[in-house]
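Secondary and tertiary structure notes
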Amino acid sequence: MALNLSQKQEVVAELADVAAKAHSLIAAEYAGITVGQLTTMRKKARENGVYLKVVKNTLASRAVEGTEYECVKDSLVGPLLYAFSTEEPGAAGRLIKEFAKGNDKLQPRLVAIGGQLYPASHVDVLASLPTREQALAMLARVLAEPASMFARAIKAVGEKLGGGEEIADAQAEAPAETSVEAAVETPADPA
(Lines give C-alpha, C1' and ligand atoms only; values in the text may rest on other atoms or scores of the structure.)
Protein backbone atom coordinates (compact mmCIF):
# COMPACT_ATOMS: atom_id res chain seq x y z
CA MET A 1 0.00 0.00 0.00
CA ALA A 2 1.51 3.29 -1.10
CA LEU A 3 1.75 6.11 1.41
CA ASN A 4 0.90 9.69 0.57
CA LEU A 5 3.27 12.54 1.46
CA SER A 6 1.72 13.34 4.85
CA GLN A 7 1.79 9.65 5.88
CA LYS A 8 5.44 9.42 4.87
CA GLN A 9 6.23 12.53 6.91
CA GLU A 10 4.49 10.99 9.94
CA VAL A 11 6.49 7.76 9.57
CA VAL A 12 9.77 9.69 9.26
CA ALA A 13 8.91 11.87 12.28
CA GLU A 14 7.98 8.83 14.40
CA LEU A 15 11.11 6.92 13.42
CA ALA A 16 13.31 9.99 13.98
CA ASP A 17 11.86 10.41 17.47
CA VAL A 18 12.58 6.76 18.31
CA ALA A 19 16.09 6.96 16.80
CA ALA A 20 16.91 10.04 18.89
CA LYS A 21 16.14 8.16 22.12
CA ALA A 22 17.25 4.62 21.22
CA HIS A 23 20.31 2.86 22.64
CA SER A 24 21.03 0.61 19.65
CA LEU A 25 19.79 -0.30 16.17
CA ILE A 26 19.76 -3.57 14.27
CA ALA A 27 18.64 -3.84 10.67
CA ALA A 28 17.77 -7.32 9.45
CA GLU A 29 16.49 -8.85 6.22
CA TYR A 30 13.08 -10.38 6.79
CA ALA A 31 12.11 -11.63 3.30
CA GLY A 32 10.35 -14.99 3.60
CA ILE A 33 9.07 -14.57 7.16
CA THR A 34 5.38 -15.32 7.56
CA VAL A 35 2.90 -12.82 8.94
CA GLY A 36 2.36 -15.00 12.01
CA GLN A 37 6.08 -15.08 12.77
CA LEU A 38 6.36 -11.32 12.34
CA THR A 39 3.35 -10.78 14.62
CA THR A 40 4.92 -12.99 17.29
CA MET A 41 8.16 -11.06 16.92
CA ARG A 42 6.38 -7.71 17.28
CA LYS A 43 4.61 -8.88 20.44
CA LYS A 44 7.90 -10.04 21.97
CA ALA A 45 9.51 -6.74 20.93
CA ARG A 46 6.86 -4.69 22.76
CA GLU A 47 7.36 -6.80 25.90
CA ASN A 48 11.14 -6.21 25.83
CA GLY A 49 11.28 -2.50 25.02
CA VAL A 50 12.21 -2.86 21.36
CA TYR A 51 10.69 -0.65 18.67
CA LEU A 52 10.25 -2.86 15.60
CA LYS A 53 9.31 -1.31 12.26
CA VAL A 54 9.35 -2.24 8.58
CA VAL A 55 9.76 0.90 6.46
CA LYS A 56 11.26 1.82 3.13
CA ASN A 57 14.97 2.44 3.31
CA THR A 58 14.63 5.97 1.92
CA LEU A 59 12.27 6.87 4.76
CA ALA A 60 14.57 5.24 7.32
CA SER A 61 17.61 7.11 5.99
CA ARG A 62 15.72 10.42 6.27
CA ALA A 63 14.62 9.53 9.79
CA VAL A 64 18.14 8.82 11.07
CA GLU A 65 19.56 12.10 9.75
CA GLY A 66 20.88 14.15 12.64
CA THR A 67 20.94 11.19 15.06
CA GLU A 68 23.79 8.92 16.08
CA TYR A 69 22.45 6.35 13.60
CA GLU A 70 23.24 8.53 10.58
CA CYS A 71 26.22 6.21 10.02
CA VAL A 72 23.88 3.52 8.62
CA LYS A 73 22.42 5.59 5.78
CA ASP A 74 24.67 4.17 3.06
CA SER A 75 24.19 0.57 4.22
CA LEU A 76 20.41 0.42 3.98
CA VAL A 77 19.86 -1.92 1.02
CA GLY A 78 17.12 -4.47 0.45
CA PRO A 79 13.97 -5.19 2.45
CA LEU A 80 14.93 -4.42 6.04
CA LEU A 81 13.29 -4.65 9.42
CA TYR A 82 14.52 -2.04 11.93
CA ALA A 83 14.81 -2.92 15.62
CA PHE A 84 15.61 -0.04 17.99
CA SER A 85 16.40 -0.83 21.64
CA THR A 86 14.53 1.79 23.63
CA GLU A 87 15.05 0.58 27.20
CA GLU A 88 18.38 -1.29 27.30
CA PRO A 89 21.10 -1.61 24.64
CA GLY A 90 21.06 -5.41 24.29
CA ALA A 91 17.30 -5.91 23.96
CA ALA A 92 17.16 -5.69 20.15
CA GLY A 93 20.18 -7.98 19.84
CA ARG A 94 18.57 -10.63 22.04
CA LEU A 95 15.29 -10.39 20.09
CA ILE A 96 16.88 -10.71 16.65
CA LYS A 97 19.25 -13.47 17.78
CA GLU A 98 16.40 -15.45 19.35
CA PHE A 99 14.20 -15.26 16.27
CA ALA A 100 17.09 -15.88 13.85
CA LYS A 101 17.75 -19.22 15.60
CA GLY A 102 14.30 -20.50 14.71
CA ASN A 103 14.09 -18.90 11.27
CA ASP A 104 16.96 -18.81 8.80
CA LYS A 105 15.09 -16.23 6.69
CA LEU A 106 15.74 -13.53 9.32
CA GLN A 107 19.29 -12.34 8.64
CA PRO A 108 20.87 -9.46 10.57
CA ARG A 109 22.63 -7.04 8.21
CA LEU A 110 24.03 -4.31 10.43
CA VAL A 111 24.34 -3.15 14.01
CA ALA A 112 24.72 0.46 15.13
CA ILE A 113 25.46 1.63 18.64
CA GLY A 114 27.04 4.83 19.91
CA GLY A 115 27.35 6.36 16.44
CA GLN A 116 29.39 3.39 15.16
CA LEU A 117 28.38 0.97 12.43
CA TYR A 118 29.26 -2.69 13.01
CA PRO A 119 28.81 -5.82 10.87
CA ALA A 120 25.98 -8.27 11.45
CA SER A 121 28.24 -10.54 13.52
CA HIS A 122 28.06 -7.98 16.34
CA VAL A 123 24.47 -9.03 17.03
CA ASP A 124 25.93 -11.73 19.29
CA VAL A 125 28.00 -9.14 21.16
CA LEU A 126 24.99 -6.87 21.60
CA ALA A 127 22.81 -9.79 22.70
CA SER A 128 25.34 -10.77 25.36
CA LEU A 129 25.12 -7.39 27.11
CA PRO A 130 23.57 -7.75 30.56
CA THR A 131 20.05 -6.56 31.27
CA ARG A 132 19.58 -3.62 33.63
CA GLU A 133 18.87 -5.93 36.57
CA GLN A 134 21.94 -8.06 35.83
CA ALA A 135 24.13 -4.95 35.56
CA LEU A 136 22.82 -3.62 38.89
CA ALA A 137 23.49 -6.98 40.55
CA MET A 138 27.06 -6.97 39.21
CA LEU A 139 27.54 -3.42 40.49
CA ALA A 140 26.22 -4.35 43.93
CA ARG A 141 28.59 -7.31 44.05
CA VAL A 142 31.55 -5.10 43.12
CA LEU A 143 30.60 -2.50 45.73
CA ALA A 144 30.11 -5.09 48.48
CA GLU A 145 33.38 -6.93 47.87
CA PRO A 146 35.71 -4.43 49.64
CA ALA A 147 33.53 -4.49 52.77
CA SER A 148 33.46 -8.28 52.88
CA MET A 149 37.23 -8.46 52.30
CA PHE A 150 37.73 -6.02 55.20
CA ALA A 151 35.48 -8.12 57.46
CA ARG A 152 37.41 -11.30 56.58
CA ALA A 153 40.70 -9.53 57.30
CA ILE A 154 39.47 -8.31 60.70
CA LYS A 155 38.24 -11.80 61.56
CA ALA A 156 41.57 -13.34 60.54
CA VAL A 157 43.49 -10.84 62.69
CA GLY A 158 41.16 -11.52 65.62
CA GLU A 159 41.62 -15.27 65.31
CA LYS A 160 45.38 -14.90 65.04
CA LEU A 161 45.48 -12.84 68.24
CA GLY A 162 43.31 -15.36 70.10
CA GLY A 163 40.15 -13.24 70.08
CA GLY A 164 38.18 -15.96 68.38
CA GLU A 165 38.28 -18.24 71.47
CA GLU A 166 36.91 -15.51 73.76
CA ILE A 167 34.02 -14.85 71.40
CA ALA A 168 33.22 -18.56 71.15
CA ASP A 169 33.30 -18.86 74.97
CA ALA A 170 31.01 -15.82 75.35
CA GLN A 171 28.52 -17.26 72.86
CA ALA A 172 28.55 -20.64 74.62
CA GLU A 173 27.81 -19.03 78.00
CA ALA A 174 25.01 -16.78 76.72
CA PRO A 175 22.37 -19.52 76.12
CA ALA A 176 23.09 -21.07 79.52
CA GLU A 177 22.47 -17.74 81.29
CA THR A 178 19.25 -17.24 79.37
CA SER A 179 17.86 -20.63 80.45
CA VAL A 180 18.79 -20.01 84.13
CA GLU A 181 17.11 -16.58 84.04
CA ALA A 182 13.99 -18.11 82.50
CA ALA A 183 13.80 -20.72 85.27
CA VAL A 184 14.17 -18.08 88.00
CA GLU A 185 11.53 -15.78 86.56
CA THR A 186 8.91 -18.53 86.12
CA PRO A 187 6.85 -18.87 89.32
CA ALA A 188 6.24 -22.37 90.68
CA ASP A 189 2.76 -23.81 90.21
CA PRO A 190 0.94 -23.55 93.57
CA ALA A 191 -1.26 -26.57 92.90
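Keep in mind that this is a model prediction, so the values were computed, not measured.

Conventions we followed
The residue count restarts for each chain, going from 1 along the sequence in the order it is written. Where local features are concerned, this predicted model is filtered to residues with pLDDT of at least 70; where side-chain atom pairs are given and counted, the filter is 80 or more; whole-chain, interface and lining totals use all residues. Note that water and hydrogens are dropped before the side-chain values are worked out from all heavy atoms of the structure. Two strands pair if DSSP finds at least two bridges between them. Secondary structure counts use DSSP, requiring at least four H or I residues in a row for a helix and at least two E residues in a row for a strand, with both numbered from the N terminus. An axis is simply a line fitted to the C-alpha atoms; with a helix, the fit covers only the stretch in contact. Between two such axes, the angle follows the N-to-C directions and lies from 0 to 180 degrees. Residue contacts follow a heavy-atom distance rule, with two residues in contact if any of their heavy atoms lie within 4.5 Å. Every case where a carboxyl oxygen of Asp or Glu lies within 4 Å of a side-chain nitrogen of Lys or Arg is listed as a salt bridge. Each residue gets one of three labels from its accessible area relative to the maximum for its type: buried under 20%, exposed over 50%, partly exposed in between, using a 1.4 Å probe on protein chains only. Two joining distances apply to patches: 9 Å for like charges and 5 Å for nonpolar side chains (Val, Leu, Ile, Met, Phe, Trp, Tyr), and every residue must have over 30% relative accessible area and no salt bridge. A 1.4 Å probe and the Shrake-Rupley method give the accessible areas. Residues count as covered only by the protein chains that appear here. Every residue is assigned a pLDDT by the predictor, reflecting its confidence on a scale from 0 to 100. Cavities and pockets are found on a 1 Å grid laid over the protein atoms alone: a cavity is a set of points where a 1.4 Å probe fits but cannot escape, a pocket is an open set with protein on both sides within 12 Å along at least five of seven lines, and a lining residue has an atom within 4 Å of such a point. Grid points are joined across faces, edges and corners, and a volume is the space filled by probe spheres set on the points. Only Asp, Glu, Lys and Arg are considered charged, only Ala, Val, Leu, Ile, Met, Phe, Trp, Tyr, Cys and Pro nonpolar, and every remaining residue, Gly among them, polar.

**A look at the sheet that holds strand β3 (residues 80-85)**
- Spatial strand order, β2-β3-β1-β4-β5: 5 strands in an open sheet with antiparallel pairing. The open sheet has two edge strands with one neighbour each: β2 (50-54) and β5 (116-119). Averaged over all pairs of adjacent strands, the angle between strand axes in this sheet comes to 20°, irrespective of strand direction.
- Sitting on the sheet, helix α2 (residues 35-47) is in contact with β2 and β3, with an inclination near 150° to β2.
- In the packing of helix α4 (residues 91-102) onto the sheet, contacts are made with β1 (24-29), β2, β3 and β4 (107-113), and the angle to β3 comes to roughly 140°.

**Some remarks on the pattern of salt bridges**
- What the rule picks out here adds up to 6 salt bridges.
- The salt bridge partner of K21 is D17, with a shortest N-O separation of 3.6 Å. Taken together, the positions of K21 and D17, both in helix α1 (residues 5-21) and 4 residues apart, correspond to about one turn of that helix.
- Judged by relative accessible area, D17 falls into the partly exposed class, the value being 40%.

**Some words on a nonpolar patch on the surface**
- A surface patch of nonpolar side chains, about 300 Å² in accessible area, is lined by L136, L139 and L143.
- If you trace the backbone, L143 turns up in helix α6 (residues 132-160).
- On the accessibility criterion, L143 (60% relative accessible area) is exposed.

**A look at the confidence of the model for the protein**
- A residue-level look at the protein finds 84% of positions with pLDDT of 70 or above and a mean pLDDT of 81.
- Of the regions scoring below 50 in pLDDT, residues 176-186 engages in 0 contacts with residues more than four places distant in sequence or in other chains.

**Section: empty space enclosed by the protein**
- Within this structure, the stated rule accounts for 1 cavity of 30 Å³ or more.
- Of the pockets and cavities examined, the largest cavity occupies roughly 30 Å³.
- What lines the largest cavity is L15, L25, A60, V64, V72, L76, Y82 and F84.
- Its residues placed into classes, the lining of the largest cavity shows 8 nonpolar, no polar and no charged.

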